[in-house]
Amino acid sequence: MNVGMKEDLYFEQSVFQVDHLKELETVHKSLIVRGKKMHVEIFGNQQLSAVLFLHGGPGESCYEFVYHQAKRLSEIFHLVAIDQRGVCRSEEINSTEEFGLRDLVEDCEELRTQLGINKWAVIGHSFGGYVSLLYASAYPDSITKVIFECPTFDFSWTSKSLLRRASSVFLSLGDPNKSAECKSLATSDLQSKELFDQYLRLGEELGEKKAEIYRVNNLTSIDYSAYTDEEWELFADRTEIHLNRLREEGRMFESIVPLLSTLSVPSMLILGEADPVTCDSHIQAYDQISNGNKIMVENCGHTPHAERPDLYGLIVSTFLLPDK
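Keep in mind that what you see is a predicted model, and the values were worked out from it rather than measured. (Residues numbered from 1 in each chain as written. Predicted model: local features only at pLDDT ≥ 70, side-chain atom pairs only at ≥ 80, totals over all residues. Heavy atoms only, no water.)

## What to know about the state of the cysteines
What counts, and what does not: Criterion for a disulfide: a pair of cysteine sulfur atoms at a distance within 2.5 Å. Exposure is judged per residue with a 1.4 Å probe applied to protein chains only, and the accessible area is read against the type maximum: over 50% gives exposed, under 20% gives buried, and values in between give partly exposed.
A complete count under the given rule lists zero disulfides for this structure. Free of any disulfide, C88 has its nearest cysteine sulfur in C62, 7.8 Å distant. Assessed through its relative accessible area of 3%, C88 is described here as buried.

This is the structure in structure tokens:
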């Protein structure tokens, strides 16, 4: 498998196996990062190459990624995963403090310094891909490589794509009116924030069926019993605050596609074959950069790290391992 070539690669099987019974050494920390407590999970020997994982959302938490990938990747890397500022197990953002998109970038750099890491690779999933590109553009000397897993770089493109997928789900549920509404919005001239807000509203109306927008591999499972229902409700409240504050600031709705051409470190775009977030416009924009690699994962939606975990671990480790 030559991931150094810029081409579409389709993977069907994985030989990357993990002993799920092996005891995993984990360091859970609550670190003060630029004045706020941040939930940080650290895996693997610190002498190994460091990797930072940035979750999506905004506000999704690193819990799912850690559940599926910590054992796989910690054998090879010094893995650091965080709940971003104000998210889930990190300290809540209060109504009187300033908070915005730039804080997420500055938190990454401050955390790297605190942990004594010279340079690290960054994996950004979904909205985490957006943050990863901002981070790599602001601090290129701190980063070795970047993996964009089903990212968004433009919320207008993504929102329209999600609305088209929602239209199909509503139609399958026997609601042609909602389906038509989604389709109409997807072809409208609404601004990025308005499109995103309309998608959030319609997604809520789908309830549990909203998951069908994002995943095609229904074999994926996860154990949430590490926390009580009450704790998860508290975490959800924090996430809502985080998301609403970013929406109010509005900077997340600015397209950062032009930053792709300024990316100075090697990168990889990991795509799920049925992912609606990284739409064709994103892929075409990424294809224009000179140091990019692209991988397409079959039988997969928006979360390759969870839907095809063994294969994902193989792809990531092959790309991120230091060059010999």
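## A few points about the pairing of strand β9 (residues 292-297)
Keep this limit in mind: Each helix is a run of DSSP H or I of at least 4 residues and each strand a run of E of at least 2, with the numbering of both proceeding from the N terminus. Handedness of a crossover is defined as follows: with both strands directed away from the viewer, a clockwise route from the first strand across the helix to the second makes it right-handed.
Burial runs high along β9: six of the six residues are buried. Burial along β9 is two-sided: the face carrying G292, K294 and M296 and the face carrying N293, I295 and V297 are both buried. As for the winding sense of the linkage, the β-α-β connection from strand β8 (residues 267-272) through helix α9 (residues 280-286) to β9 is right-handed.

## Structural notes on the pairing of strand β7 (residues 143-149)
Using the following cut-off: For two strands to be treated as a pair, DSSP must find no fewer than two bridges joining them.
The element β7 is extensively covered by neighbouring structure, given that six of its seven residues are classed as buried. Note that strand β6 (residues 120-125) and β7 share five bridges and pair parallel. Residue G124 lies in a different strand from β7, and its bridge partner there is F148. Regarding the hand of the β-α-β motif, the stretch spanning β6, helix α3 (residues 127-138) and β7 is right-handed. Of the pairings in the sheet, the one linking β7 to β8 comprises four bridges and is parallel in character. Paired with F148 across the bridge in β8 is L269.

## Details of the pattern of salt bridges
Threshold: A pairing counts as a salt bridge when a side-chain nitrogen of Lys or Arg comes within 4 Å of a carboxyl oxygen of Asp or Glu.
One pass over the full model with this rule turns up 19 salt bridges. For the salt bridge of D107 with R34, the shortest nitrogen-to-oxygen distance reads 2.7 Å. One end of the pair, D107, is in helix α2 (residues 101-114); the other, R34, is in the loop between β2 (26-33) and β3 (36-43), with 73 residues separating them in the sequence. When its relative accessible area of 2% is taken as the criterion, D107 is described as buried. Ionic contacts of the salt-bridge type, sharing partners, join the residues R34, R85, D103 and D107 into one network.

## What to know about the environment of A136
So the rule is basically this: Throughout, a residue-residue contact means that at least one pair of heavy atoms, one from each residue, lies within 4.5 Å.
Topologically, A136 is positioned in helix α3. Not counting residues within four places of it along the chain, the set of residues in contact with A136 comprises I143, V146 and L263.

## Points about the packing of aromatic side chains
The cut-off we apply is this: Here is the rule: rings of Phe, Tyr and Trp (six-membered ring for Trp) pair when centre to centre is within 6.5 Å. Planes less than 30 degrees apart are stacked, more than 60 are edge-to-face, and the remainder are tilted. Only when the NZ atom of a Lys or the CZ atom of an Arg is both within 6 Å of the ring centre and within 35 degrees of the ring normal do we say a charge sits over the ring.
According to the stated counting rule, one finds 18 aromatic pairs in the structure shown. Ring geometry for W232 versus F235: centroids 5.4 Å apart, planes at 90°, classification edge-to-face. With W232 and F235 both in helix α8 (residues 229-249) and three residues apart, this pair spans about one turn of that helix. Aromatic ring contacts, followed pair by pair, group Y63, Y224, Y227, W232 and F235 into a single cluster. The positively charged end of K145 is found above the aromatic ring belonging to F319, 5.0 Å away from the centroid.

## Re the confidence of the model for the chain
Put simply, the rule is: By definition, pLDDT measures how confident the predictor is in each residue, and it falls between 0 and 100.
The pLDDT averaged across the chain works out to 90; a share of 90% of its residues lies at or above 70. Segment residues 1-22 is flagged for pLDDT under 50; beyond a separation of four residues in sequence, or across chains, it makes 54 contacts in the model.

## As for α2
So the rule is basically this: To estimate the expected span of a helix, subtract one from its residue number and multiply by 1.5 Å.
Here α2 contains 14 residues, and its C-alpha end-to-end distance of 21 Å stays within 8% of the 20 Å for a straight helix at 1.5 Å per residue. Counting buried residues along α2, ten of its 14 residues qualify, which places the element largely inside the surrounding structure. Taken together, the buried positions of α2 are L101, D103, L104, V105, E106, D107, C108, E109, L111 and R112. Immediately downstream of α2, the backbone of G116 shows phi near 70°, a positive value.

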